[in-house]
Amino acid sequence: MKLHYIISGFTIVIIACVLSLDGFAQSSRSSYFMKTSYARTSLNPALRPDQSYIGVPFLSNIHTEINTNTLNLSNLTFPLNGELVTFMHPQVSEARALANIEDDNYITGNAALDIFSVGLFKGDSYWNFNFGLRTYADANVPKSLFELLKVGFNETETVTHDLSKISLTQSAFAEIGLTNSRTFLNNSLTIGARAKFLLGISYADLDAKSLNITAGREFWTAKSQVILKGAGPGITTRYSQSDYDPDRNNFDGFDFGSFSIPGYGLGLDIGGVYDFKDSPVNFLRSLRVSYALNDIGFISWTKKNVVQLSSQQTAVTISPNDYTIHTDGSTSITDIFDNAVDDIKQAINLHEDATESGYTTTLRANMIVGLEYEVWKNKMTTGFLYSTRFGKYFTTNEFTLSANYMPKSWLATSLSYSFAHSQFKTFGLAVHLAPSRGINFFLASDYTLIHISPQFLPTSSRALSLQLGLSVPFGGKR
């Protein structure tokens, strides 16, 4: 794996993921209040479906999601003379190019695939077993990077740009989970927990404690304190000769050995649901509240499967790529950031540190709070959901309102709106075909794609998600 694909977490991968929307999530928030959904158990282990099921192998739950606060097509490209040009075009002013770029520009993604899953009721208990694959990635790009590319080479004097907030963390692992939930207090309270055994697959963490680049028309001088950690089966570092200094070798990527399990870990999800159906206050009897704290846990990576690299904390001078070729409107966003990644990796000049032991990383925990109110008995509810993800370098939040309608026992639907990433430009939708016999099918998205370019690329969307699954129900409806 070349460094190009590691550092691109804050450049090319960020831009490419937003433009192509090949995202990465564990479960759709739009299905959280759908009682037919077995997938919602991954959001809160106290939530249950209304029937036992066996998931179709590899197809029981496929879910992807990607979110950003600014890095979409409309903020990076601009209409000019009937075509779209990048922010580097000379007729796109600095003020216009940077108007919608924040000081910190994040992108976060998740992906989940259940290889096998089964859920069944036994008395008042519900049991669920699943085996699947999960991955997530978080990255942050500071505004100073865009300033460096847009104006850093047009200054009459050299200017120093602080890129210290650049960060990337990524983790992939297999998960074996066992969930149990039970009811108490005359079925008013449901408490659930999921214990997870984790098999680490890969991990990467780029932390720029300091990264300052002094830019001129023909050179960059960089001073940095950057640490890159990597983990994978039999991972080793690879170097290549510097493009700018024949006497210097630069880190060029990772090589991997034969297949092995590079890390092991444990995880825990806990949750609860309280139904006010027995409340002495009439209007409260239709209210349900829920809470979950997920992905409390860790993965320990073994010594022979980890590496750590750091910059030398000395000034490095390079001759950067010619960015004037990107000002004629003929190049794409990925062309620009491809060159930027190449220059930054040369400027950082990472070298491997001695590895004395493995290390332990924590999972990216998330918290969910839900309120649901029944407005039409056994037919329709409204819901409010607050969710937050605790990343290593930043935390993201979402607030979702939903209307959930179940016209038939075999058909459940949900229409939702998520405030943080939708901007009144997209909405959520979920449909579940759930007959008591045969094949069940669900399709859900928290952010449907309704704003696209003529090339079918998303323009103003800040997020996209998609979830689908097939299962075979058994036992009676509950």
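Chains are numbered independently. Their residues run from 1 in the order of the written sequence. Where totals are concerned, whole chains, interfaces and linings use all residues; where local detail is concerned, this predicted model gives features only for residues with pLDDT of at least 70, and gives and counts side-chain atom pairs only at 80 or more. To obtain the side-chain values, all non-hydrogen atoms of the structure were used and water was disregarded.

Further remarks concern the pairing of strand β6 (residues 125-142). When DSSP locates at least two bridges between a pair of strands, those strands are taken to pair. In this text, helices come from DSSP runs of H or I with a minimum length of four residues, and strands from runs of E with a minimum of two, each type numbered from the N-terminal end. The sheet contact formed by strand β5 (residues 104-122) and β6 spans 18 bridges and is antiparallel. Pairing of F116 across the sheet is with F131, part of β6. Between β5 and β6, which pair antiparallel in sequence order, lie two residues; one of them, G123, sits at a positive phi of approximately 65°. Sheet analysis places β6 next to strand β8 (residues 167-184), joined by 15 bridges and oriented antiparallel. Residue pairing in the sheet places N130 in a bridge with G177 of β8.

For the rest of this paragraph, the subject is a nonpolar patch on the surface. Patches here are clusters of residues that have more than 30% relative accessible area and form no salt bridge, with a 9 Å joining cutoff for like charges and a 5 Å cutoff for nonpolar side chains (Val, Leu, Ile, Met, Phe, Trp, Tyr). Where accessible areas are quoted, they stem from the Shrake-Rupley method and a 1.4 Å probe; at the residue level, only the protein chains shown are allowed to cover. Think of a salt bridge as a Lys or Arg side-chain nitrogen and an Asp or Glu carboxyl oxygen that are within 4 Å of each other. Taken together, the side chains of I54, F116, L120, W127, F129, L178, I439, V472 and F474 define a hydrophobic patch exposed on the protein surface, amounting to about 720 Å² of accessible area. Those elements that place two or more of their residues in the nonpolar patch are β5, β6 and β25 (463-474). On the secondary structure map, W127 appears in strand β6. When its relative accessible area of 31% is taken as the criterion, W127 is described as partly exposed. For each residue, the accessible area found with a 1.4 Å probe, counting protein chains only, is set against the maximum for its type, and the residue is called buried under 20%, exposed over 50%, and partly exposed in between.

Another point: unusual backbone geometry. Of note, the phi angle at F58 is positive, near 70°, even though the residue is not glycine. One can find F58 in the loop between β1 (52-55) and β2 (62-68). The phi dihedral of L185 falls on the positive side, at around 55°, and the residue is not glycine.

Right, let's get into the packing of aromatic side chains. Each pair of aromatic rings taken from Phe, Tyr and Trp, with Trp reduced to its six-membered ring, is defined by centres within 6.5 Å and is described as stacked if the planes are under 30 degrees apart, edge-to-face if over 60, and tilted in the remaining cases. Applying the stated rule across the entire model yields 14 aromatic pairs. Summarising the aromatic geometry, the rings of Y274 and F276 are spaced 4.8 Å apart at their centres and angled 85° between planes, so their arrangement reads as edge-to-face. Through successive ring pairs, a cluster of aromatic residues spans Y38, Y53 and F442. Over a ring means this: the NZ of a Lys or the CZ of an Arg is within 6 Å of the ring centre and within 35 degrees of the ring normal. Positioned over the ring face of Y359 is K229, at 4.9 Å from the centre of the ring.

Okay, the side chain of E175 next. Residue position: E175 is located in strand β8. Judged by relative accessible area, E175 falls into the buried class, the value being 4%. By the criterion applied in these results, polar contacts are pairs of N or O atoms within 3.5 Å in which, for protein atoms, one can donate a hydrogen and the other can accept it, and in which residues neighboring in sequence qualify only through two side-chain atoms. A polar atom in the side chain of E175 sits 2.9 Å from the side chain of R134.

Moving on: the pattern of salt bridges. The full count for this structure, using the stated rule, is 18 salt bridges. Between E65 and R389 there is a salt bridge, with its nearest N and O atoms 3.7 Å apart. Taken together, the positions of E65 in strand β2 and R389 in strand β20 (residues 380-390) put the pair 324 residues apart, joining distant regions of the chain. Residue classification places E65 among the buried residues on the basis of a relative accessible area of 0%. Linking R134 and E175 is a salt bridge whose minimum nitrogen-to-oxygen distance equals 2.9 Å.

Moving on, we get to the environment of V306. As for its position among the elements, V306 is in strand β15 (residues 306-310). The contact criterion used is simple: two residues touch if any of their non-hydrogen atoms lie within 4.5 Å. Excluding its chain neighbours within four sequence positions, the residues that come into contact with V306 are G230, A231, I235, W301, T355, S357, G358 and Y359.

A few words on the confidence of the model for the protein chain. Averaged over every residue, the pLDDT of the protein chain is 84; the share at 70 or more is 84%. Confidence of the predictor at the level of single residues is captured by pLDDT, which takes values from 0 to 100. Counting contacts from residues 1-25, a segment whose pLDDT is below 50, to residues more than four positions away or on other chains yields 91 contacts.

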